[in-house]
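# Examination of the molecular architecture
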Amino acid sequence: MSANTAGKTITCKAAVAWEAGKDLSIEEIEVEAPKAHEVRIEIVYTGVCHTDAYTLSGKDPEGAFPIVLGHEGAGIVESVGEGVTNVKVGDNVVALYTPECGECKFCKSGKTNLCGKIRATQGKGVMPDSTSRFKCKGKELLHFMGTSTFSQYTVVADISVVAITDKAPMDRTCLLGCGITTGYGAAVVTANVEKGSNVAVFGAGCVGLSVVQGAVKNGAEKIIVVDVNDGKEAWGKKFGATDFVNPTKLGGKSIQEHLVEMTDGGCDYTFDCTGNVGVMRAALEACHKGWGQSVVIGVAAAGQEISTRPFQLVTGRVWKGCAFGGIKGRSQLPGLVDDYMTNKLKVDEFITHRQPLNKINTAFQDMKAGDCIRCVVNMREA
Ligand SMILES: NC(=O)c1ccc[n+]([C@@H]2O[C@H](COP(=O)([O-])OP(=O)(O)OC[C@H]3O[C@@H](n4cnc5c(N)ncnc54)[C@H](O)[C@@H]3O)[C@@H](O)[C@H]2O)c1
Ligand SMILES: N[C@@H](CCC(=O)N[C@@H](CSCO)C(=O)NCC(=O)O)C(=O)O
Ligand SMILES: [Zn+2]
Ligand SMILES: [Zn+2]
């Protein structure tokens, strides 16, 4: 493909979100060649994340339409624009919605994985030069999170892509583009959970189970999964959780009170993996006085706000949050792929459903059903 298509517009299939709240539509779209410091990727597999559904719902203040959603993708570099040195044609890659330029104030701070270089245009759904590479039926389509993996071909900034070993199966590594890395990184990098800690994880989806996996890796002693779905008890145990609590079955006692009792004063670390602001409050208040830390990972709808008594913070609890687990994609993702390849990181276990591109709306339905951890979409089957 690359010999014939470099420098030309490619026509391919993509799932287009024409408007908020409507199903995606499989369309033929035109994908322009990459400009300087851009990379065109054939997306081979993509996961579907709750954040895609969140933006499609219309509750994302940055969500605009029509758009090509998707941000959990793996594929092969088809062509590169002028000046691209970090990847080459034929490389197996993972798209990064959290880029890493290595040069901006954020990248150089050593304090965060957030990169400022292209965040403004990324949030507006355009490439760094403020234009789109996608067209359908004569209309421009917006990019999503700098990745747009629901297209058979996409164009990303060179700082938004990382090459990984071609020995790793792309139908698994796509999940390192968001869900698994996010939860695992939140435990291992952002919280840096200490050996012997008590940990509570609210919400046992792909993100929460990945937090469990990270807490196990760091030697946590008690790992309590909190979920309203009893079916998640077995999932939590599969990943190494020691306890499970269904907060709706506490006979009127609050979940924070229950966790404080279970842990002799409160958890050392808690994680919100639900996106529910009431849960975020409970997670903070379940922390141990003096040192407990609560990490917000869940994404809440526009207009939602968190609250607690300031006394909770005055008495030493810490409220923080992270995107992509605090992981720097270009520096750290290849290491996670190696951990997967050497059986140190579970990835296969998260895949409960698979769909072809032409059934991507079923993948969204799968995701919303209680028995789905992740659905992987095969982009070559359309
Ligand atoms: N910050 C980031 O970088 C980042 C990355 C990926 C996903 N996210 C967000 O993380 C969240 C989780 O994603 P996911 O894919 O794991 O979702 P998911 O829907 O698969 O899992 C959420 C789990 O929370 C449980 N839950 C719902 N309400 C609850 C409640 N009141 N108390 C306890 N449990 C409850 C559900 O039963 C489910 O098991 C979403 O909000 C998503 O948008 C954030
Ligand atoms: N546009 C949304 C923000 C959504 C959000 O917080 N996204 C996370 C990644 S979620 C992946 O599933 C993120 O990367 N945040 C940091 C950033 O966007 O710079 C809103 O405004 O609510
Ligand atoms: Zn995501
Ligand atoms: Zn940067």
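Reading the values: rules and limits
Residues numbered from 1 in each chain as written. Chains lettered and ligands numbered in written order. Predicted model: local features only at pLDDT ≥ 70, side-chain atom pairs only at ≥ 80, totals over all residues. Heavy atoms only, no water. Near = heavy atom within 4 Å. Polar contact = N/O pair within 3.5 Å; in protein donor to acceptor, adjacent residues only side chain to side chain. Helix = DSSP H or I, 4+ residues; strand = E, 2+ residues; numbered from the N terminus. Nonpolar A, V, L, I, M, F, W, Y, C, P; charged D, E, K, R; others polar. Donors = N, O, S within 2.8 Å, 3.2 Å for Na, K, Ca; no water. Tetrahedral: all angles 85-135°; square planar, octahedral: opposite > 155°, others 65-115°. Buried < 20%, exposed > 50% of the residue type's maximum accessible area, 1.4 Å probe, protein only. UniProt positions renumbered as here; feature names shortened; annotations may be inferred. Areas by Shrake-Rupley, 256 points an atom, 1.4 Å probe, with all protein chains shown as cover.

### Quick notes on the site of ligand 1
Taken together, 27 residues are adjacent to ligand 1, and His50, Thr51, Asp227, Lys232 and Ile297 come closest. The side chain of His50 places a nitrogen or oxygen atom 3.0 Å from an oxygen atom of ligand 1. Note that a nitrogen atom of ligand 1 is positioned 3.1 Å from one of the backbone N or O atoms of Cys322. Looking at the shell around ligand 1, the elements that each hand over two or more residues are helix 2 (50–57) and helix 7 (206–217). Taken together, the residues of the shell around ligand 1 sort by class into 15 nonpolar, nine polar and three charged.

### Notes on the coordination of the zinc ion (ligand 3)
The zinc ion (ligand 3) binds to the protein through Cys49 (SG), His71 (NE2) and Cys178 (SG), with metal-donor distances spanning 2.1 to 2.3 Å. Taken together, the four donor atoms coordinating the zinc ion (ligand 3) span angles of 99 to 127° at the metal, a pattern that classifies the geometry as tetrahedral. When the donor residues of the zinc ion (ligand 3) are listed from N- to C-terminus, their spacing reads C-x21-H-x106-C. Of this pair, Cys49 sits in the loop between strand 3 (38–47) and helix 2 while Cys178 sits in the loop between helix 5 (170–173) and helix 6 (179–190); the two residues are 129 residues apart in sequence, bridging distant segments of the chain. The exposure classification of Cys49 matches that of Cys178, with both residues buried.

### Focus on the UniProt feature "domain: Alcohol dehydrogenase-like C-terminal" (unreviewed entry) in the chain
Feature annotation in UniProt assigns "domain: Alcohol dehydrogenase-like C-terminal" (unreviewed entry) to the following positions: residues 207–336. Helix makes up 36% of residues 207–336 and strand 15%. Its end C-alpha atoms lie 15 Å apart.

### Things to note about the UniProt feature "domain: Alcohol dehydrogenase-like N-terminal" (unreviewed entry) in the chain
Within this numbering scheme, the UniProt entry marks residues 36–164 as carrying the feature "domain: Alcohol dehydrogenase-like N-terminal" (unreviewed entry). For the annotated span residues 36–164, helix accounts for 15% and strand for 29% of the residues, and the straight-line distance between the end C-alpha atoms is 22 Å.

### Thoughts on the site of ligand 2
As a structural note, the neighbourhood of ligand 2 is formed by 13 residues, with Thr51, Tyr54, Asp60, Glu62 and Arg119 the closest of them. Here an oxygen atom of ligand 2 and a side-chain polar atom of Thr51 are 2.5 Å apart. Tyr54 has a polar side-chain atom sitting 2.7 Å from an oxygen atom of ligand 2. Protein coverage of the free-state accessible area of ligand 2, which is 530 Å², stands at 72%.

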